[in-house]
Amino acid sequence: MAILTTNIIEAKTVLDAGGLVAIPTETVYGLAANGIDSDAVSNIFKAKGRPSNNPLILHFASIADMEPYIDLTDFSEQLGLLAEAFWPGPLTLLLPKSEKVPEITTAGLSRVAVRIPNHSLTLLLLEQLNYPLAAPSANPSGYISPTTASHVQKQLGNKIDLILDGGPSDKGLESTILGWDENGWPTIYRKGVISAEAIEQVLQKLPTTQLTHPKTLEAPGMLSSHYSPNTKTILSENLPKTMGNHKNKSIGLITFQTVYQGDVFIKHQIVLSKKGSFDEVAQKLYAAMHELDELNLDVIIIEKMPETGVGTAINDRLTRAAYSEK
Ligand code: TXA
Ligand code: MG
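Residues numbered from 1 in each chain as written. Chains lettered and ligands numbered in written order. Predicted model: local features only at pLDDT ≥ 70, side-chain atom pairs only at ≥ 80, totals over all residues. Heavy atoms only, no water.

A.B. asks: Help me understand the side chain of Ser236, please; the structure alone is not making it clear to me.
C.D. replies: Mapped onto the secondary structure, Ser236 falls in strand E12 (residues 233-236). At a separation of 3.4 Å, a polar atom in the side chain of Ser236 contacts the main-chain amide nitrogen of Leu239. Excluding residues within four positions of it along the chain, Ser236 makes contact with Thr242, Ile301, Ile302, Glu303, Lys304 and Glu325. (Helix = DSSP H or I, 4+ residues; strand = E, 2+ residues; numbered from the N terminus. Polar contact = N/O pair within 3.5 Å; in protein donor to acceptor, adjacent residues only side chain to side chain. Contact = heavy atoms within 4.5 Å.)

As structure tokens, this is what we get:
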């Protein structure tokens, strides 16, 4: 079991020695190590069972701390605008890296992913360090991201040194990933709670969205079979039909706003947001999936969200976690 603490000095001691610490962020918990120490970074890949071609995000406390690690020649103005609007917060930027970032951190790519997370404990910790923290989500590769310290303890507790307990993640969905294409146009590589329209307001350009990368694997986390429970999981666009198809099984059900009223027996049901708020859905979704995945059910059925606003980012994750049934 990993040490569970709220003490950032203990966390710093482990990190300074090249160890692994799970850190709270507003999106999901991250599995952190010194991002410019290749050996420490390599231990992140080992603990997660993560393929070495899948790069990591570097986390900083401020833009001043970030500057030595990125090349701002073409992006200084846009970075300033985005940082002003969204940082600290759930936005990750892909920027040309400087030679200070080791190849292992970016999986050999020329761009590095950077963000300033919005969590007071983690910001205090980052301020104490003289290096950035590389941190992917703190789950075994391919599994659901953790939104509490106990999710991390259950999944990775025997592989890491320490968990900094910062309470449940506030947003609950991984950050929006934004980069620029070869023509310098902003491009979203992973959807999140910060939408294309919100970014357009700041840059006066509507980002394109490029979520799958058949040839170049620009964001390998966007391939299928991610964010998945161990239990067979179905994303349903037609709940009565899907329920009927599985009526003799032991079912766990996650719905958006209302309790399912049909005659199919449900072992355990979770309604994510009675008031119909996507923010609440995002915050609670992964915890609901973790909870049902522990119950030895035959199947987890999740109701598809309406395709508007943050609903589209939630559906994006659900599509990767589940088989779709119309
Ligand atoms: O909210 C978040 O972003 C959380 C918290 C802990 O910060 N982190 C997170 O990391 O979700 P991870 O590793 O689970 O997902 C990061 C995604 C991966 O799909 C990875 O392929 C992509 O970012 N990525 C990282 N660096 C990249 C790069 N240089 N080029 C393209 N994609 C990159
Ligand atoms: Mg992840």
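A.B. asks: Looking at this structure, I do not really get helix H10 (residues 278-293). What am I missing?
C.D. replies: Side chains that are three or four residues apart share a direction in an α-helix, a result of its 3.6 residues per turn. Taking 1.5 Å as the rise per residue, H10 with 16 residues should run 22 Å; its terminal C-alpha atoms sit 22 Å apart, in good agreement. The largest bend along H10 reaches roughly 40° and is located at Lys284. All of the buried residues in H10 are Phe278, Glu280, Val281, Ala282, Leu285, Tyr286, Ala288, Met289, His290, Leu292 and Asp293. Packed against the buried residues of H10 are helix H7 (149-156), strand E13 (251-255), strand E14 (268-271), strand E15 (299-303) and helix H11 (310-321). The backbone nitrogen of Asp279 has a side-chain oxygen 3.3 Å away, supplied by the residue at the start of H10, namely Ser277. (Expected span 1.5 Å × (residues − 1). Bend = angle between axes of the 7 residues up to and from the residue. Buried < 20%, exposed > 50% of the residue type's maximum accessible area, 1.4 Å probe, protein only.)

A.B. asks: Looking at this model, I keep getting lost on the pattern of salt bridges. Mind explaining?
C.D. replies: Side chains that carry opposite charge are capable of pairing whenever their charged atoms lie near each other. Following the criterion strictly, the structure yields 8 salt bridges and no others. Note that Asp316 and Arg317 form a salt bridge whose closest N and O atoms lie 3.1 Å from each other. Residue Asp316 shares its accessibility class with Arg317, and that shared class is buried. Taking the shortest distance from any N to any O, the salt bridge between Asp316 and Arg320 comes out at 2.7 Å. Of the two residues, Asp316 and Arg320 both sit in helix H11, 4 residues apart, roughly one turn of that helix. Judged by its relative accessible area of 11%, Arg320 falls in the buried class. One network of salt bridges, with partners in common, ties together Glu174, Asp316, Arg317 and Arg320. (Salt bridge = Lys/Arg side-chain N within 4 Å of Asp/Glu carboxyl O.)

A.B. asks: Would you mind showing me how to read the packing of aromatic side chains here?
C.D. replies: Each aromatic ring pair is summarised here by two numbers: the centre-to-centre distance and the angle between the ring planes. This structure, assessed with the given rule, holds 3 aromatic pairs. Where Phe75 meets Trp180, the ring centres are 4.7 Å apart and the plane angle is 50°; that geometry is what we call tilted. Note that Phe75 is positioned in the loop between helix H3 (63-66) and helix H4 (76-86) and Trp180 in strand E9 (residues 176-180), a separation of 105 residues in sequence. No difference in accessibility class separates Phe75 from Trp180, as the two residues are buried. (Phe/Tyr/Trp six-rings, centres within 6.5 Å; stacked < 30°, edge-to-face > 60°.)

A.B. asks: What am I meant to see in the pairing of strand E5 (residues 91-96) here?
C.D. replies: Regular strands have side chains that alternate between both faces of the sheet. Where burial is concerned, most of E5 is hidden: 5 out of the 6 residues are buried. The sheet contact formed by E5 and E9 spans 3 bridges and is parallel. Within E9, the position partnered with Leu91 by the bridge is Thr176. Alignment of E5 against strand E6 (residues 111-115), held across 4 bridges, turns out to be antiparallel. Pairing of Leu95 across the sheet is with Val112, part of E6. (Pairing = 2+ DSSP bridges.)

A.B. asks: Help me out: how do you make sense of the sheet that holds strand E16 (residues 323-325) in this one?
C.D. replies: Note: strands within a sheet are paired through backbone hydrogen bonds, in either parallel or antiparallel orientation. Pairing is parallel in the open sheet, where 5 strands are placed in the order E14-E13-E15-E12-E16. In the strand order of this sheet, the two ends are held by E14 and E16, each with one partner. Averaged over all adjacent pairs, the angle separating strand axes in this sheet is 20°, with direction ignored. For E13 and E15, the ladder comprises 4 bridges, and the chain directions are parallel. If you follow Gly252 over to E15, its bridge partner there is Ile300. (Axes fitted to C-alpha atoms, helices over the stretch in contact; angles between N-to-C directions.)

A.B. asks: For this particular structure, what's the right way to read the nonpolar core?
C.D. replies: When a protein is soluble and globular, its nonpolar side chains tend to lie buried together. Core analysis: the biggest nonpolar cluster contains 47 residues, and Leu82, Trp87, Leu91, Leu93, Val114, Ile160 and Ile199 have the highest contact counts within it. At the level of elements, strand E3 (30-34), helix H2 (38-48), H4, E5, E6, H7, E9 and helix H8 (196-203) are the ones that each hand at least two residues to this core. Element by element, the count of residues in this core is highest for H2, at 5 residues. Among all residues touching Leu93, those that are not within four sequence positions of it are Leu79, Leu82, Trp87, Val112, Ala113, Val114, Leu178 and Trp180. Among the nonpolar cores identified, the runner-up in size contains 28 residues, and Ile254, Phe256, Ala282 and Leu285 belong to it. (Core = buried A, V, L, I, M, F, W, Y, C linked by side-chain atoms within 4.5 Å.)

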